[in-house]
Amino acid sequence: MRSMLSMGGWKLGAVALAIAVCSAAADSRAADEYAYDLVHSSVTFKARHLDISWIHGRFNQVDGKFAIDRQDPAKSSFQLTIKADSVDTGNKARDEHLRQPDYFDTKQFPTIDFKSTAVKAIDGGFEVTGDFTMHGVTKKITFPLMGGKEIESRGVKRVGFSTELKLKRSDFNFDKSAIGAIGDEAIILIDCEGMRK
Amino acid sequence: MPDLRLYAAAIGLAGAIAAAGAILYGLCCAVRASSAASQTRARWFARFSTCVANTWFAPGCLGLAWLALAIIAGWWVLEITPRWPPRNGLDRLLILVLPAAWLGIVAIRVVAKNRFLDRNPDRNPESNPENDADSEPDSEPENDPESNPASNRESDDGNSPENSVESIPANRPDSSHPNKHPRVADRAPPRLHTLAPWRGRLAWGLLAASILPTLLWGSVHLRVESSDGPWPLVPWLVRAGVWTLLTLVFVVHREWLERLEQRTADGSVRTALALAVGTAAQLILCGGYLKGGAAALPVAAALLGGALPIAAVATGAIRLRGWAAAASGGDTLVVSLAAVALAGWLVVGTCFGNVGLLPAAVTWLAPLLAAAVDWLWPARPSRTGRRRLGRWLARIGLVALPLALVATVAFRQFEQKYRPFTSRDPVPGTTRSIAADFPAPARSAR
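Everything numeric here is computed off the predicted structure, so don't read it as measured data. (Residues numbered from 1 in each chain as written. Chains lettered and ligands numbered in written order. Predicted model: local features only at pLDDT ≥ 70, side-chain atom pairs only at ≥ 80, totals over all residues.)

**Student:** Give me the overall build of chain B: which residues, what numbers.
**Tutor:** Counting secondary structure elements, chain B contains 17 helices and 0 strands. For chain B, the residues scored as buried account for 49% of the 446 residues in total. Long-range contacts, defined here as pairs at least 24 residues apart, represent 79% of the contacts in chain B between residues at least 6 apart. (Helix = DSSP H or I, 4+ residues; strand = E, 2+ residues; numbered from the N terminus. Buried ≥ 20, exposed ≤ 12 C-beta atoms within 10 Å, placed from the backbone. Contact = placed C-beta atoms within 7 Å.)

Listed below in structure tokens is the structure:
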């Protein structure tokens, strides 16, 4: 009887473990993972010039991934890595100048990173809080990430998001002499698509 | 874009402070010499002058401190304040490498003096200021730092390079050198451990080995993206090889310059290094790294400001009793610091700025060309002041030639690449200039 009980307890434990593993697997499947689609995405920026107009530029090399949990948005996560070396303002000489240590210092700080730490659903998207690292300085930022609608095109599921970040360059230890006629505040516009099969 | 007026102010202030320091030192030497000859001077002033003259080159602290003061004044004008903790290569150069080199140089010299210098004035006539002061006025007119360098060094109150660890190999087999003080020549050579001279070199090797990793810390140059693949260690081995090679070349480069400074003893090596640091600054500026290039300008100005008065005295252009002998002993401390600064700025410019490897190599090696004059035009025992000046000019000319070439090419490339930024001409196809994107001083560059 004892041996049967012990056998029964063993089986019970195994079943419980299997259920736990399956539920964990189900949980992990609940979050849909998307890879950043470089072709249909863009990370651009603009900064005030002499406080009368805007100078525009973009980063051409960006990578990232999203995990979106529709049932429990708090389990969603967003990561983005921008290669600072890929800055493009439409002028080769100015781009080279921007890569220098006076500005982005791309040899010392090759990437601009964002990694979410908290996500909550809002009307029309998510409110994302996370660590934004630029020029070697990490700041916690919160921004609304609008979108999230998923469609399927040619067997590939796609989801799109848009957001706009306002950052002060002086908060990220940019050199004072590099903040002059070009405004301290820069606006980063992110329009990205994620895809999964 | 560069603010040339600000640069000129920083260069002028750093150069003037360094020159004032050199002249103060010279005047103190002169006062010391004259107060020893006559008792008319105030005793406190004579003591002060002797103290300044003795500590300027001997432990090196005062001369190097004055140089640091001149450089910091230049940075103050340029509003260059290194950040703590250091965030990039320039911060690490200004906060870690240069102060460490400064302290290391002084420590090596102090240790060498305490360990190897015979401090008994009865047995060591060159450390006795009275002997020096008495002998100087007679010997100075014939004083030729090149043909008779040892006689000058002996009057340098313990600054004698023979007493420093770097020149012990030259000292040991050469105790009967005709230029030596007779009491020194009669004396048996000091008993030193065989490895003694290598201790200083080892210290320099350790300092040199730490420069490259310190400057490149955390940058892409020390990162390997992926260690997978059949040869995961290859990238690290390549880096280790480059690091070893550059460390060895730096140690040889610095030692060569130091020996050249001892041999020439006319300020030409310091002047050459000042020109090289100035050229490095221009290369970095022309590459588009304004703060990095600007930070090197006060260093070049301070080196030049300190070197030119000494060169003027050593070549006989200015005659000041008591100064020539002491000043022409060769200031190896400043040369060592300048060699570190030159290497540091070239590493920062090459690895973080847009300075090419070839111009950087030419700028680094150009000061060594000062030695070519001795091969092309061997020194003769008796020469006039004009010939000494001619040799000095020939040395500087040989060094300046490749530096000018490199600087000209860099400036032309800068003009081609950044012309739209510095010009008020509108960009083709538009009605505005890019210069307007940058602060107002940008337009003063033109």
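**Student:** Describe in detail the overall build of chain A, supporting the description with residues and values.
**Tutor:** A count of helical and extended segments in chain A gives 2 helices and 11 strands. Listing the helices and strands of chain A from first to last along the sequence gives α-β-β-β-β-β-β-α-β-β-β-β-β. Taking the intrachain contacts of chain A between residues at least 6 apart in sequence as the baseline, contacts between residues at least 24 apart amount to 52%.

**Student:** Which residues make up the interface of chain B and chain A, and what values go with them?
**Tutor:** On the chain A side, the residues contacting the 24 residues of chain B number 21 residues. Ranked by residues supplied to the side of chain B that touches chain A, first place goes to helix H17 (residues 385–422) of chain B with 4 residues. Classifying every residue of the side of chain B that touches chain A gives 12 nonpolar, 8 polar and 4 charged. (Nonpolar A, V, L, I, M, F, W, Y, C, P; charged D, E, K, R; others polar.)

**Student:** An account of the packing of helix H10 (residues 234–264) of chain B against helix H14 (residues 332–351) of chain B is requested, with residue identities and associated values reported.
**Tutor:** Residue and element names in this part refer to chain B. Two numbers describe how H10 lies on H14: the axes approach to 9 Å, and their chain directions differ by 145°. Between H10 and H14 lies a crossing of right-handed hand. Note on element contacts: H14 touches H10 through Thr332, Val335, Ser336, Ala339 and Ala343, opposite Phe250, His253, Arg254, Leu257, Glu258, Glu261 and Gln262. Its residues assigned to classes, the contact of H10 with H14 comprises 5 nonpolar, 4 polar and 3 charged. (Axes fitted to C-alpha atoms, helices over the stretch in contact; angles between N-to-C directions. Left-handed = near helix turned anticlockwise from the far one by under 90°.)

**Student:** So what's going on with the confidence of the model for chain B? Which residues, and what values?
**Tutor:** Residues and elements named next belong to chain B. Overall, the prediction assigns chain B a mean pLDDT of 73, with 60% of residues at 70 or greater. Confidence drops under a pLDDT of 50 for residues 116–185, and excluding neighbours within four residues, the segment shows 127 contacts in the predicted structure. Predicted complex, confidence summary: ipTM 0.76, pTM 0.76. (pLDDT = per-residue confidence, 0-100.)

**Student:** Got a sec to walk through helix H11 (residues 268–286) of chain B? Specific residues and values, please.
**Tutor:** For H11(B), spanning 19 residues, the distance from its first C-alpha to its last is 27 Å, which sits close to the expected 27 Å at 1.5 Å a residue. Most of H11(B) sits inside the fold, with 19 of its 19 residues counted as buried. (Expected span 1.5 Å × (residues − 1).)

**Student:** Got a sec to walk through the nonpolar core? Specific residues and values, please.
**Tutor:** Grouped together as the largest cluster of nonpolar side chains are 101 residues, with contacts concentrated most on Leu273(B), Val277(B) and Leu342(B). In this structure Leu342(B) touches Leu273(B), Ala276(B), Val277(B), Ala280(B) and Trp364(B), once residues within four positions along its chain are discounted. (Core = buried A, V, L, I, M, F, W, Y, C linked by C-beta atoms within 7 Å.)

**Student:** Help me get a handle on the environment of Tyr7(B), residues and values and all.
**Tutor:** Residues and elements named next belong to chain B. Relative to the helices and strands, tyrosine 7 is located in helix H1 (residues 4–37). With 24 C-beta atoms counted inside 10 Å, the residue tyrosine 7 sits in the buried group. Sequence separation between tyrosine 7 and glycine 74 is 67 residues; the distance between their C-alpha atoms is 8.7 Å.

**Student:** Any details on helix H15 (residues 357–365) of chain B? Residues and values, ideally.
**Tutor:** Each α-helix turn comprises 3.6 residues. Residues three or four places apart therefore point the same way. Residues and elements named next belong to chain B. Along H15, the positions that sit buried rather than exposed are Pro359, Ala360, Thr363 and Trp364. Around the axis of H15, the buried residues are gathered within 135° of arc, so they sit on the same side. For H15, exposure combined with an orientation more than 90 degrees from the buried face picks out Leu357 and Leu358. (Arc of directions from axis to C-beta.)

**Student:** Describe the pairing of strand S2 (residues 42–49) of chain A, naming the residues involved and giving the relevant values.
**Tutor:** All names here are of chain A. Inspection of the sheet shows S2 paired to strand S11 (residues 182–196) by 7 bridges, in the antiparallel sense. Looking across to S11, one finds that serine 42 is bridged to aspartate 191. As paired strands, S2 and strand S3 (residues 53–59) are joined by 7 bridges and run antiparallel to one another. Opposite histidine 49, over in S3, you have serine 53 as the bridge partner. Linking two consecutive strands that pair antiparallel, namely S2 and S3, is a turn of 3 residues; a positive phi of about 55° is found at leucine 50 within it. (Pairing = 2+ DSSP bridges.)

**Student:** Talk me through the environment of Pro367(B); I want residue IDs and the actual numbers.
**Tutor:** Residues and elements named next belong to chain B. Its place among the elements puts proline 367 in the loop between H15 and helix H16 (372–376). Spatially, the C-alpha atoms of proline 367 and leucine 342 are 10 Å apart, while their sequence positions differ by 25 residues. Beyond its immediate chain neighbours, meaning those up to four positions away, proline 367 contacts Leu257, Val269, Ala272, Leu273, Ala276 and Val399.

**Student:** I'd like a rundown of the pairing of strand S10 (residues 156–168) of chain A, residues and numbers included.
**Tutor:** Residues and elements named next belong to chain A. Pairing analysis gives 6 bridges linking strand S9 (residues 137–153) to S10, with the strands arranged antiparallel. Bridge pairing in S10 places glycine 147 opposite phenylalanine 161. Between S9 and S10, which pair antiparallel and follow one another directly, the connecting turn spans 2 residues, one of which, arginine 154, has a positive phi of 55°. Here S10 runs beside S11; their pairing, made up of 12 bridges, is antiparallel. Note that in S11 the partner of lysine 168 across the bridge is glutamate 185.

**Student:** With reference to specific residues and values, describe the packing of helix H12 (residues 290–314) of chain B against H14(B).
**Tutor:** All names here are of chain B. Two elements in contact, H12 and H14, have axes separated by 11 Å at closest approach and are oriented at 160°. Of the possible angle classes, the one that applies to H12 and H14 is roughly antiparallel. Handedness of the H12/H14 crossing: left-handed. Contacts from Gly292, Ala296, Val299, Leu303 and Gly306 of H12 reach H14 at Val334, Ala338, Ala341, Trp345, Val348 and Gly349. Here the contact of H12 with H14 is composed, by residue class, of 8 nonpolar, 3 polar and no charged. (Parallel < 35°, antiparallel > 145°, perpendicular 65-115°, else oblique.)

**Student:** An account of the environment of Pro101(A) is needed here, citing residue identities and associated values.
**Tutor:** Examined against the element boundaries, Pro101(A) turns out to sit in the loop between helix H2 (92–99) and strand S7 (111–122). The exposure class assigned to Pro101(A) is buried, which follows from the 27 C-beta atoms found within 10 Å. Not counting chain neighbours up to four residues away, the residues in contact with Pro101(A) comprise Gln108(A), Asn88(B), Leu90(B), Tyr289(B), Lys291(B), Gly292(B) and Phe352(B).

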